[in-house]
Amino acid sequence: MEVASALFFIVDPFRWKTELKAQLKRRMLAAEVNIGYSTDLTEHANIKMTKQKTSIPSFRYFIHTFGCQMNENDSERLAGILEGMGAVKAAVLEESTLILINTCAVRQKSEEKLYSLLGRLDRIKRKNGALIGVLGCVAQLYRDNLIEKKPTIDFVMGPDNYGDLPDTLAGISSHDPQSKRVITRFSREWHEIADSLILRESSFSAYVTIMEGCDNFCSYCVVPFTRGREKFRPIRNILAEIQSLAKNNYREVLLLGQNVNSYKDPESGISFVDLLKTVNSVEEIDWIRFITSHPKNFSPEIAQTMAANRKICRQLHLPVQSGSSDILARMKRQYTRDEYLENIAFIKVLMPDIALSADIIVGYPGETEKDHKETLSLLEEVRYTNIFSFRYSPRPRSAAAGEEDSVPLEVKRQRLIEVQALQKDIQLSINRTFIGKNIKTLCTGKSKKDTGRYTGRSEGYQVINFDAGCDVVGQFVQVEITSCGPYSLRGRMVESKDACPH
Ligand code: SF4
């Protein structure tokens, strides 16, 4: 029935639109009474998606997500919006009649993966007429050019426009090239999408967006052109979402934004430090994390707040990008190697057990062997528990794209190998120090292959694979670490009445 009606709507888009209009009327009436926040904290919020305007009950959708947690969170919103309209998640890509690709433009490689995926989708579209939407940062960056380059795409939508998804879907047909749409407006205002319209992947750990965009214009980065300038979500909406998560048994929240340290409540001016303290006061939430921090905005007060509020995890992602002050200046990062290391030293005095991570770019234009060695020595000095390391690739519209990409590919490859080999050794030696210890672990899933084996994260965000006598997904458990590799710890759950009552 589902398959037949889906095809019916696709082969007869006119009938689909007529049906939509009728459903729109019914939904609008229903939405008046049952959709929106119930708490007075958000009573006056600028909530864009408070009403479900349209319904597409026969769509089976599939969302492919590239990139960061921000994109993952956006995809959860998109899924929530679609299911609010009556669409259902397709079991496999080939069965979907609506395919959304949430893209990342930060590196050339993700863009290449998008084009290769679109080639595959072309075949699915020819077979079942699926609608294909490209969303996210690549959509924002290339706009109309994307559809010109890949005519298989039916619509292109930038990150600021996801509230327009229902109207967009109502207006397009995969059989009508004239109906293709490009929606890439930017807004300086925060547009709230009600958290009731987020379909979360996890039932115990949640992303909570607190800000979007960036004003920093690091020379290699495309984000200010794809996500726009900084805008901040009102603290009452953030808090309402976290309180609602707490009521629904969520144990961990991850505060998201391109530069969370610069957060300022648009109404009261409350800072990131105050936001952290406020979130720390939500009783049922056990762990609070945040990403991404910018070293120039990471103040001593933030470190002190982390140290004083024990629910804030002893884990910090502080992207350094390079260990050379010369390269940092060319990257327009607005801090030097010494300033970064002073910050790290201060953090470690307050929280000796903190787990640090960072992003590293190798082969930035003009990077010499001496600069590269400084990056290696910084890794040795900081001793991160994890890094994300990449070869530099020029990104459109960024300042560095105008410079000669002067480091040869072979040299970049070699430098990346050296960075990753050193980091692997550091991680292995850090992980070995955990053997024999009991670590508090939030169990995030179970092994597909091995019953009785589970996976989770420590407070420091290390992956812990462990054996347990019962299903503990979503619970905090104690795991005794018995062995490790460079990328994960291994152990067994310390049995307790609470974890396995039977
Ligand atoms: S801080 Fe720099 S690297 Fe980070 S998003 Fe902004 S411009 Fe990009």
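Summarised in this report is the structure supplied together with it. (Residues numbered from 1 in each chain as written. Predicted model: local features only at pLDDT ≥ 70, side-chain atom pairs only at ≥ 80, totals over all residues.)

1. A few points about the packing of helix α14 (residues 369-382) against helix α15 (residues 409-432)
Defined as follows: Comment: axis = line fitted to C-alpha atoms, over the contacting stretch for helices; angle = value between 0 and 180 degrees taken between N-to-C directions. Elements are defined by DSSP. Helices are runs of H or I of four residues or more, strands are runs of E of two residues or more, and each kind is numbered from the N terminus. Reported orientations rely on four angle classes, namely roughly parallel under 35 degrees, roughly antiparallel over 145, roughly perpendicular from 65 to 115, and oblique for the rest. Here a crossing is called left-handed whenever its near helix is offset anticlockwise from the far helix by less than a right angle, and right-handed whenever the offset is clockwise. By the criterion used throughout, residues are in contact when their C-beta atoms, derived from the backbone, lie within 7 Å.
Packing of α14 against α15 leaves a shortest axis separation of 10 Å and a crossing angle of 10°. Taken as axis vectors, α14 and α15 run roughly parallel relative to one another. Relative to α15, the crossing made by α14 is right-handed. Between α14 and α15, the contacting residues are His372, Thr375, Leu376 and Leu379 on the first element and Arg415, Glu418, Val419, Leu422, Gln423 and Ile426 on the second.

2. Quick notes on the pairing of strand β14 (residues 386-391)
We count it as follows: At least two bridges found by DSSP between two strands is the condition for calling them paired. Seen with its strands pointing away from the viewer, a crossover is right-handed if its path from the first strand over the helix to the second goes clockwise.
Bridge count between strand β13 (residues 355-362) and β14: six bridges; the pairing is parallel. By the bridge assignment for β14, Ala358 is matched with Ile387. After leaving β13, the chain enters α14 and then returns to the sheet as β14, a path that is right-handed.

3. Things to note about the site of the ligand
Quick reminder of the rule: Put plainly, near means the residue's C-beta atom, positioned from the backbone, lies within 6 Å of the molecule or strand in question. In the scheme used here, Gly and all other residues not listed as nonpolar or charged are polar, with Ala, Val, Leu, Ile, Met, Phe, Trp, Tyr, Cys and Pro taken as nonpolar and Asp, Glu, Lys and Arg as charged.
Residues in close proximity to the ligand include Cys214, Asn216, Phe217, Cys218, Cys221, Val223, Pro224, Gln258, Asn259 and His294, which together make up its full environment. Of the residues assigned to the shell around the ligand, the class counts are six nonpolar, four polar and no charged.

4. Thoughts on the nonpolar core
A general tendency of soluble globular proteins is for nonpolar side chains to be buried together. Here is the rule: Each nonpolar core comprises buried Ala, Val, Leu, Ile, Met, Phe, Trp, Tyr and Cys residues, the members being joined through C-beta atoms within 7 Å. Each residue is classed by its C-beta neighbour count within 10 Å, where at least 20 other C-beta atoms makes it buried, 12 or fewer makes it exposed, and intermediate counts make it partly exposed; the C-beta atoms are placed from backbone geometry.
In terms of nonpolar packing, the biggest core is built from 103 residues, with Val208, Ile210 and Val253 touching the most fellow members. Here Ile210 is in contact with Arg233, Ile238, Leu255, Leu256, Gly257, Val260, Tyr263 and Leu275, once residues within four sequence places are set aside. One finds Ile464, Phe466, Ala468 and Val472 within the second-largest nonpolar core, a separate group that totals 15 residues.

5. Quick look at the packing of helix α9 (residues 235-247) against helix α10 (residues 272-280)
It is at 11 Å that the axes of α9 and α10 come closest, and there the two elements cross at 25°. Considering their axes alone, α9 and α10 lie roughly parallel with respect to each other. Crossing geometry of α9 relative to α10 is assigned as right-handed. Contacts between α9 and α10 involve Ile235, Ile238, Leu239 and Ile242 on the former and, on the latter, Leu275, Thr278 and Val279. Considering only residue class, the contact of α9 with α10 consists of six nonpolar, one polar and no charged.

6. Side note on the environment of Gln414
Note on placement: Gln414 falls in helix α15. Spatially, the C-alpha atoms of Gln414 and Arg391 are 9.9 Å apart, while their sequence positions differ by 23 residues.

7. As for α9
Threshold: Residue count minus one, scaled by 1.5 Å, sets the expected span of a helix.
Over its 13 residues, α9 runs 18 Å from end to end, which matches the ideal 18 Å to within 8%, given 1.5 Å per residue. Within α9 the residues assigned to the buried category are Ile235, Arg236, Asn237, Ile238, Ala240, Glu241, Ile242 and Leu245. Asn249 sits one or two residues past α9 and shows a positive phi near 70°.

8. Observations concerning helix α4 (residues 108-128)
For α4, which comprises 21 residues, the first-to-last C-alpha distance of 31 Å matches the rise-based estimate of 30 Å (1.5 Å per residue) to within 8%. Buried within α4 are the following residues: Glu111, Leu114 and Leu121. Its buried side turned inward, α4 meets β3 (98-103), β4 (131-136) and α5 (137-142). Positive backbone phi, approximately 70°, marks Gly129, located one or two places after α4.

9. Observations regarding the sheet that holds strand β5 (residues 155-157)
Read across the open sheet, the six strands follow the order β2-β1-β3-β4-β5-β6; overall the sheet is parallel. For this open sheet the edge positions go to β2 (88-89) and β6 (181-183), each flanked by a neighbour on one side alone. With three bridges connecting them, β5 and β6 associate as parallel partners. From the neighbouring strand, Met157 faces β6, where its bridge partner is Ile183. Lying over the sheet, helix α3 (residues 69-84) contacts β1 (60-65), β2, β3 and β4, oriented at roughly 170° with respect to β1. Those strands touched by α4 are β1, β3 and β4, and its axis lies near 175° from that of β3.

10. Thoughts on the sheet that holds strand β7 (residues 205-209)
What the three strands build is an open sheet, ordered β7-β10-β11; its pairing is parallel. This sheet does not close on itself; its edge strands, each paired only once, are β7 and β11 (287-291). The sheet shows a mean angle of 20° between the axes of neighbouring strands, direction not considered. With five bridges connecting them, β7 and strand β10 (residues 252-256) associate as parallel partners. Residue Val208 lies in a different strand from β10, and its bridge partner there is Leu255.

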